[in-house]
Amino acid sequence: DKAPLSKSLLLVPSAISILLTLLFQHYQKFFAYNLQAVKEDFQIWRLVCGRTICLDLKDTFCSSLLIYNFRIFERRYGSRKFSSFLLGAWMLSALFDLLLVEITQYIFGITINSLPSGFLGPVFALFVPFYSSIPRVQVTQVLGHFSITNKSLVYILGLQLLTSGSYIWILALSGLISGICYNSSILKVHRILCVPRWVAKIFSWTLEPVFSSAEPANEVRVGMGATVDIQRQQRMELLDRQIMMSQVAQMRRQRQQQGGMINWNRLFPPLRHRHNANYEDHHPSEQGIPPPTEVSEEQVARLMEMGFSRGDALEALRASNNDLNVATNFLLQH
């Protein structure tokens, strides 16, 4: 959902790669990344064919899994910005491929006539924003010392792809350099190598309806996070908020029936536990109840502007530890 370009990059190149491997092997020569033919015979079309379709099914599988994981950037940035990054990384990595081959020949005397084919340069370039912008969440530990995070599988796939060929390290290095250059705020490459708006509109009218997917209807809409872990955290927070509000509503009904004051500070342990790492899970005694939380008059005024009474606004803000969003949601629902 919300990643038609990633879906097209998963389906089309993978299908062509499987067909070339199984049925049309005599056409594989047209998709070989032959640098000698590019430099000596000026066959520029080989850059397009050789740097788009993988001829090794193992590379196809690994790169497809990586594109599937990197679809979060298309959801975060939008299809146009994501396609601009891929286009810029593809063009820059093609230039760096030629430079690195020449440097290798000049320093080590190794002549490289061809490189592994496929959409590998932009895939390795996506590791740059993945490393810098995706939060690292620890999942578990192995042997008590090695941390397993939500990003470990992606790095393992990248390492597997890196070790699949003899000269694929050139593609990986050129991809990483191109990703750094495109993300650099100093070089301003993203302003030059970008997809024009009219081109993006044409593809949105023609190809996006083909590769777009409907939003899942069996999931609660709580906002789209950048990773699965963030989405799971959002659902946990939503569940805690619903439990909290049901507890508050129940206690408010009891107070209306019996009278007396409510100890609001005992009703919000999940919320305080998320924001305070030193929270201890125990119920304070009646003698050890902390003093009421001081309420900001500015937040009280904002709630009163919405139409709530001053008493309800003070009550909700004290209960939510001056969290204006939680107080507003509670007052709107009760």
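This structure is a prediction, so every number in the text was calculated from the model and none was measured. The numbers attached to residues start from 1 for each chain and follow its sequence in the written order. It should be noted that, the model being predicted, local features are given only for residues of pLDDT at least 70 and side-chain atom pairs only at 80 or more, the latter also being counted only at that level, while totals for whole chains, interfaces and linings use all residues. Side-chain metrics rest on all non-hydrogen atoms present in the structure, leaving aside hydrogens and water.

1. Here we look at the UniProt feature "transmembrane region" (unreviewed entry) in the protein chain
According to UniProt, the "transmembrane region" (unreviewed entry) feature falls on residues 6–24, 85–108, 114–132 and 153–177. Strands here mean DSSP runs of E at least two residues long; helices mean DSSP runs of H or I at least four residues long; both are numbered from the N terminus. Secondary structure within residues 6–24 divides into 89% helix and 0% strand; the distance between the first and last C-alpha atoms comes to 25 Å. Taken end to end, residues 153–177 is 80% helix and 0% strand, and its two terminal C-alpha atoms sit 22 Å from one another. UniProt positions are given in the numbering used here, feature names are shortened, and annotations may be inferred rather than shown by experiment.

2. A word on the packing of aromatic side chains
Aromatic rings in a pair are described by how distant their centres are and how their planes are angled relative to each other. Two rings belonging to Phe, Tyr or Trp (six-membered ring only in the last case) form a pair when the distance between their centres is within 6.5 Å. Interplanar angles under 30 degrees mark stacking, angles over 60 mark edge-to-face geometry, and anything in between is tilted. Under the defined criterion, the tally for this structure stands at 11 aromatic pairs. Here the aromatic rings of phenylalanine 70 and phenylalanine 127 are separated by 5.2 Å at their centres, their planes lie at 85 degrees, and the arrangement is edge-to-face. One end of the pair, phenylalanine 70, is in the loop between helix H4 (57–69) and helix H5 (71–77); the other, phenylalanine 127, is in helix H8 (residues 127–133), with 57 residues separating them in the sequence. Only protein chains enter the area calculation, which uses a 1.4 Å probe; residues under 20% of their type maximum are buried, those over 50% are exposed, and those in between are partly exposed. Residue class for phenylalanine 127 comes out buried when judged on its relative accessible area of 11%. Ring geometry for phenylalanine 73 and tyrosine 77: centres 5.9 Å apart, planes at 20 degrees, overall stacked. Here phenylalanine 73 pairs with tyrosine 77, and both are found in helix H5, just four residues apart, close to one helical turn. Among the residues examined, phenylalanine 73 registers a relative accessible area of 1% and is labelled buried. Taking the relative accessible area as the measure of exposure, tyrosine 77 reaches 32% and is therefore partly exposed. Members of the aromatic cluster, each reached through a chain of ring pairs, are Phe70, Phe73, Tyr77, Phe124, Phe127, Phe130 and Tyr155. As a reminder, the over-ring test applies to NZ of lysine and CZ of arginine, requiring each to be within 6 Å of the ring centre and within 35 degrees of the ring normal. Sitting above the plane of the tyrosine 68 ring, arginine 71 keeps its charged end 4.0 Å from the centroid.

3. So, the pattern of salt bridges
Salt bridges are counted wherever a side-chain nitrogen of Lys or Arg sits within 4 Å of a carboxyl oxygen of Asp or Glu. Summed over all chains, the structure comprises three salt bridges. One salt bridge connects lysine 39 with glutamate 102, and the closest N-O pair in it is separated by 3.1 Å. Of this pair, lysine 39 sits in helix H2 (residues 35–40) while glutamate 102 sits in helix H6 (residues 79–108), placing them 63 residues apart in sequence. Classification of lysine 39 by relative accessible area gives partly exposed; the value is 33%. With a closest N to O distance of 3.1 Å, glutamate 297 and arginine 310 form a salt bridge. Here glutamate 297 is found in helix H16 (residues 297–305), whereas its partner arginine 310 is found in helix H17 (residues 310–319), with 13 residues between them in sequence. A relative accessible area of 45% places glutamate 297 in the partly exposed class. Its relative accessible area of 38% is what places arginine 310 among the partly exposed residues.

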